[in-house]
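The residues making up each chain are set out below.
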Amino acid sequence: MTAPVVDAQPIIAAIKAAVTASGVLFSEGVKPPGIGNRPYIVGFFDSGTIDNRSLAGRDGFSLVGTFHCAGLTPESARVAVRRLRSAVLGLHLTVAGGRQFQRPEHLVGLPMQRDDDADPALFIAVEEWRFRATPA
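Structure report, in brief. (Residues numbered from 1 in each chain as written. Predicted model: local features only at pLDDT ≥ 70, side-chain atom pairs only at ≥ 80, totals over all residues. Heavy atoms only, no water.)

Moving on: the nonpolar core. The biggest cluster of nonpolar side chains holds 26 residues, and the ones touching the most others in it are Ile15, Val19, Ile41, Leu63, Phe67, Leu84 and Phe131. A total of 6 residues in this core trace back to one element, the largest contributor, which is helix H1 (residues 8-21). Ignoring any residue separated from it by four or fewer positions in sequence, one finds Leu84 in contact with Val19, Ile41, Phe67, Cys69, Glu127 and Trp129. In terms of nonpolar packing, the next biggest core, distinct from the first, is built from 8 residues, Leu25, Ala70, Leu122 and Ile124 among them. (Core = buried A, V, L, I, M, F, W, Y, C linked by side-chain atoms within 4.5 Å. Buried < 20%, exposed > 50% of the residue type's maximum accessible area, 1.4 Å probe, protein only. Helix = DSSP H or I, 4+ residues; strand = E, 2+ residues; numbered from the N terminus. Contact = heavy atoms within 4.5 Å.)

Written as C-alpha cells, this is what we have:
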C-alpha cells in the first residue's frame, strides 16, 4: 500500500476560498490590499501534522490556522469573526486535495485587542481553529 500524499496547500486553499466567499477580505500573512474601512482577516497556518485517524494508521492530517479578525470598531471585528466561523464550520465534509474535512475544532477565541499604533486604530479578535482531514 502506498502512503497517502499529504499536502497542506489544497486544504489551505479551500479555507481561503470559504472565508473569501463569506464576503470578508482575507489574506495569508499580510493585510489584504484595498481594505478601506471594511473588516478583514489575516490568516496564519502551520504546516500540518500527520495523525493516526483510523486503524489504517497515519491516514489523518490536521493543521491549525490562527486568524486575526480586524475592524475599525469592535462590532466590525465581530462581523469578521462571525463570517470566519460560518465559513470554517461550512467546510465540514467537503473535499480538498483528496481529503475530506472533519468538523473544524475551535481552539481559542482571545479577548478583543485594540491596536493604537495602526492609523486609524484597529480592533482585533484572534481566533484559532484546527482543521482535520481524512482520505476522501
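Once you've had a look at it, read on.
A few words on the packing of aromatic side chains. In this description, an aromatic ring pair is defined by two values, namely the gap between the centres and the angle between the planes. Under the criterion given, the structure shown has 4 aromatic pairs. Between Phe26 and Phe67 the ring centres are 6.3 Å apart and the planes differ by 45°, which places this aromatic pair in the tilted class. In this pair, Phe26 sits in strand S1 (residues 25-28) while Phe67 sits in strand S4 (residues 60-71), placing the two residues 41 residues apart along the sequence. Like Phe67, Phe26 is buried. Summarising the aromatic geometry, the rings of Phe67 and Phe131 are spaced 6.4 Å apart at their centres and angled 80° between planes, so their arrangement reads as edge-to-face. Taken as a pair, Phe67 in strand S4 and Phe131 in strand S9 (residues 122-135) lie far apart in primary sequence, 64 residues in all. Side by side, Phe67 and Phe131 carry an identical accessibility label, which is buried. Taken together, the ring pairs in this structure connect Phe26, Phe45, Phe67, Phe101 and Phe131 into an aromatic cluster. (Phe/Tyr/Trp six-rings, centres within 6.5 Å; stacked < 30°, edge-to-face > 60°.)

This brings us to the pattern of salt bridges. Applying the stated rule across the entire model yields 7 salt bridges. Across the pair Asp116 and Arg114 runs a salt bridge whose closest N-O atoms are separated by 2.4 Å. (Salt bridge = Lys/Arg side-chain N within 4 Å of Asp/Glu carboxyl O.)

Along the chain, Ser62 falls in strand S4. In this structure Ser62 comes out as buried when scored by relative accessible area, which is 7%. Beyond its immediate chain neighbours, meaning those up to four positions away, Ser62 contacts Gly48, Thr49, Asp51, Arg130, Phe131 and Arg132.

All right, on to helix H2 (residues 74-89) then. Counted at 1.5 Å a residue, the expected span for H2 with its 16 residues is 22 Å, and the 23 Å between its end C-alpha atoms agrees. If you check which residues of H2 are buried, you get Ser76, Ala77, Val79, Ala80, Val81, Leu84, Ala87 and Val88. In the core, the buried residues of H2 are packed alongside H1, strand S2 (40-45), S4 and S9. (Expected span 1.5 Å × (residues − 1).)

With that settled, consider H1. Given a rise of 1.5 Å per residue, 14 residues ought to cover 20 Å, and the 20 Å separating the end C-alpha atoms of H1 matches this to within 8%. Looking one or two residues past H1, Gly23 carries a phi angle of roughly 95°, positive in sign.

This part covers the pairing of S2. Regular strands place their side chains on alternate faces of the sheet. Of all the 6 residues making up S2, 5 are buried; the element is thus mostly covered by neighbouring parts of the structure. Taken together, the 4 bridges between S1 and S2 define a ladder with parallel strand orientation. Residue pairing for S2: Glu28 is matched across the bridge by Gly43. The pairing of S2 with S4 spans 6 bridges and is classified as antiparallel. Each bridged residue has a counterpart across the sheet, and for Phe45 the counterpart in S4 is Gly65. (Pairing = 2+ DSSP bridges.)

Limitation: the analysis is restricted to geometry and does not speak to function.
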